[in-house]
Amino acid sequence: MTPLVSLDDVLTFGATEDGALSTVVPGCFSNGPAALPPEKGFPFGGLLASLCALAMRRGLGLETPLRTLSVQYLAAAVFDAPLAFRPRLLRGGRNVLYAAAEADQDGRLTHHATGLYGRDGQTPPVSPLHRPPPSLDSLDPAATIGGPMAPHFAQHVEYRFDGGPNILGGNAGRPAVERTWIRMSNGRPLDETTLCYLLDALYPPAWTLSPTPVAMTTVDFRIDVLADPTPQNAPDGWAFFEFSMLDLGLGWTVDEATAWGVDGTPLAVARQRRRLLPQRGG
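Thresholds applied
- Residues numbered from 1 in each chain as written.
- Predicted model: local features only at pLDDT ≥ 70, side-chain atom pairs only at ≥ 80, totals over all residues.
- Heavy atoms only, no water.
- Helix = DSSP H or I, 4+ residues; strand = E, 2+ residues; numbered from the N terminus.
- Rg over C-alpha atoms; globule rule 2.2 N^0.38 Å.
- Contact = heavy atoms within 4.5 Å.
- Areas by Shrake-Rupley, 256 points an atom, 1.4 Å probe, with all protein chains shown as cover.
- Lys, Arg positive; Asp, Glu negative; His and termini not counted.
- Charge placed at Lys NZ, Arg CZ, Asp CG, Glu CD.
- Salt bridge = Lys/Arg side-chain N within 4 Å of Asp/Glu carboxyl O.
- Buried < 20%, exposed > 50% of the residue type's maximum accessible area, 1.4 Å probe, protein only.
- 1 Å grid on protein atoms, 1.4 Å probe; cavity = no way out; pocket = protein on both sides within 12 Å on 5 of 7 lines; lining within 4 Å.
- Points joined across faces, edges and corners; volume = space filled by probe spheres on them.
- Nonpolar A, V, L, I, M, F, W, Y, C, P; charged D, E, K, R; others polar.
- Expected span 1.5 Å × (residues − 1).
- Pairing = 2+ DSSP bridges.
- Disulfide = S-S within 2.5 Å.
- Core = buried A, V, L, I, M, F, W, Y, C linked by side-chain atoms within 4.5 Å.
- Phe/Tyr/Trp six-rings, centres within 6.5 Å; stacked < 30°, edge-to-face > 60°.

> A description of the overall build of the chain should follow, citing residues and the corresponding values.
If you tally the helices and strands in the chain, you get three helices and 12 strands. Against the compact-globule benchmark of 19 Å for 282 residues, the chain has a radius of gyration of 18 Å, which places it among compact chains. Counting only C-alpha atoms, the chain reaches 50 × 50 × 40 Å along its principal axes. Contacts in the chain between residues at least 24 apart in sequence constitute 68% of all its contacts with a sequence separation of at least 6. For the chain, the accessible surface area stands at approximately 13,400 Å², while carbon and sulfur atoms represent 55% of it. Of the side-chain charges in the chain, 22 are positive and 28 negative, and the distance between the mean point of each set is 5 Å.

Right under this line is the structure:
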């Protein structure tokens, strides 16, 4: 069994000789099935997005809230090897800052990220996305992800599905949508770091349309934070997420994820572009 390393341990950066922030992604954060060795998958994209955002914040000493994160996955990182993040400030300001970060392993570029950090204004909110979710207590705690097909990274997450999970064909003939309460399994408070992690903490929605999942890999992931998580709108770290497939075809699929607080406050929206991988002949 793959040794379990905590998220906090991975988020603890060291420093390289040239001043980069460095960490190691262990196999327990693989996106591969739990029944297979971690190397049958790759480091979980939500964790890598969290690391990019955190590297910019810590490396540049940013105190302004994160509002937009965009990550391009250029090449697959490997497990248990130093991953170096090099943040840089593109433009600073009193209310809005622009930052970027590149990540590499042994000089091989693996990720590029940009971050928009900004202070909120006093304009009255108008939020069509406001939507109170179903009560957490009304859902079956057994409606979760488990078994040999569950990805390694899911052991760090607690799920409570509303009508799911529907992986491997459960949504055949209907929209590819999954709705679920999610939090980190250790009860870690929801903040911008865990929000980035959880907005990717599900299988591709396209995998609910057929019993035979299509292999794919994420190439671009964008997150827009609409409201900061707080103990009031995300008690005990819980938030309600909806994952939906927007398009599938021509070698691509595009997905969307939305997170709400317990009071219906929209916390974030994310959009992910994945590249479909060539299928091997029989």
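> Which residues make up the pattern of salt bridges, and what values do they have?
Pairing of side chains with opposite charge becomes possible as their charged atoms draw close. Considering all chains together, one arrives at 15 salt bridges under this definition. Across the pair R183 and E158 runs a salt bridge, and its minimum N-O distance is 3.0 Å. One end of the pair, R183, is in strand β8 (residues 177–184); the other, E158, is in strand β7 (residues 157–161), with 25 residues separating them in the sequence. Relative accessible area serves as the criterion here: at 18%, R183 is assigned to the buried category. Looking at E158, the relative accessible area reads 23%, which means it is partly exposed. Notably, a salt bridge pairs R179 with E242, separated by 3.2 Å at the nearest N-O pair. Placement of the pair is R179 in strand β8 and E242 in strand β10 (residues 239–249), with a sequence separation of 63 residues. E242 gets classed as buried once you look at its relative accessible area, which sits at 18%.

> Explain empty space enclosed by the protein to me, and be specific about the residues and the numbers.
It is a probe the size of a water molecule, rolled over the atoms, that shows where empty space is left. In total, this model carries one cavity of 30 Å³ or more according to the counting rule given. Roughly 80 Å³ of internal volume is contained in the largest cavity. For the lining of the largest cavity, the element with the highest residue contribution is strand β12 (residues 266–276), accounting for four residues. Per-class residue counts for the lining of the largest cavity are eight nonpolar, two polar and five charged.

> Just give me the short version of the side chain of T64, but keep the residues and values in it.
The topology assignment puts T64 in the loop between α2 (45–60) and β3 (66–73). Residue classification places T64 among the buried residues on the basis of a relative accessible area of 4%. Among residues more than four places away in sequence, those in contact with T64 are R57, N95, L97, Y117, G118 and R119.

> Which residues make up α2, and what values do they have?
Here α2 is 16 residues long and its end C-alpha atoms lie 22 Å apart, about the 22 Å a rise of 1.5 Å per residue gives. With 13 of 16 residues buried, α2 lies mostly within the body of the structure. Two residues or fewer past α2, G61 is found with a positive phi of approximately 65 degrees.

> Residues and numbers for the sheet that holds strand β5 (residues 96–105), please.
Paired through their backbone hydrogen bonds, the strands of a sheet run either parallel or antiparallel. Taken together, the 12 strands give an open sheet; going across it, the order is β1-β2-β4-β5-β6-β3-β9-β12-β11-β10-β8-β7, and neighbouring strands pair in antiparallel fashion. For this open sheet the edge positions go to β1 (14–15) and β7, each flanked by a neighbour on one side alone. Bridging between β3 and strand β9 (residues 216–225) involves five bridges; their strand directions are antiparallel. Considered in β9, the bridge of L69 is made with I223.

> I'd love a proper account of the state of the cysteines, names of residues and values included.
Applying the stated criterion to the full structure yields zero disulfides. Free of any disulfide, C28 has its nearest neighbouring cysteine sulfur in C52, separated by 18 Å. Taking relative accessible area as the criterion, C28 reaches 0% and is therefore assigned buried. No disulfide involves C52; its sulfur sits 9.3 Å from that of C196, the nearest cysteine. What makes C52 buried here is its relative accessible area of 1%.

> So what about the nonpolar core? Which residues, and what values?
L69, Y159, Y197 and L199 are the most contacted members of the largest nonpolar core, which has 65 residues in total. The element that contributes the greatest number of residues to this core is α2, accounting for nine residues. L199 has contacts with F221, I223, F241, F243, A257, A259, A268 and A270, leaving out every residue within four places of it along the chain.

> Outline the packing of aromatic side chains, listing residues and values.
With the rule as written, the count across this model stands at eight aromatic pairs. Each ring, one from F13 and one from F85, has its centre 5.8 Å from the other, and the planes form 65 degrees; the classification is edge-to-face. Placement of the pair is F13 in the loop between α1 (7–10) and β1 and F85 in strand β4 (residues 82–91), with a sequence separation of 72 residues. On the basis of relative accessible area, F85 is assigned to the buried category, the value being 0%.

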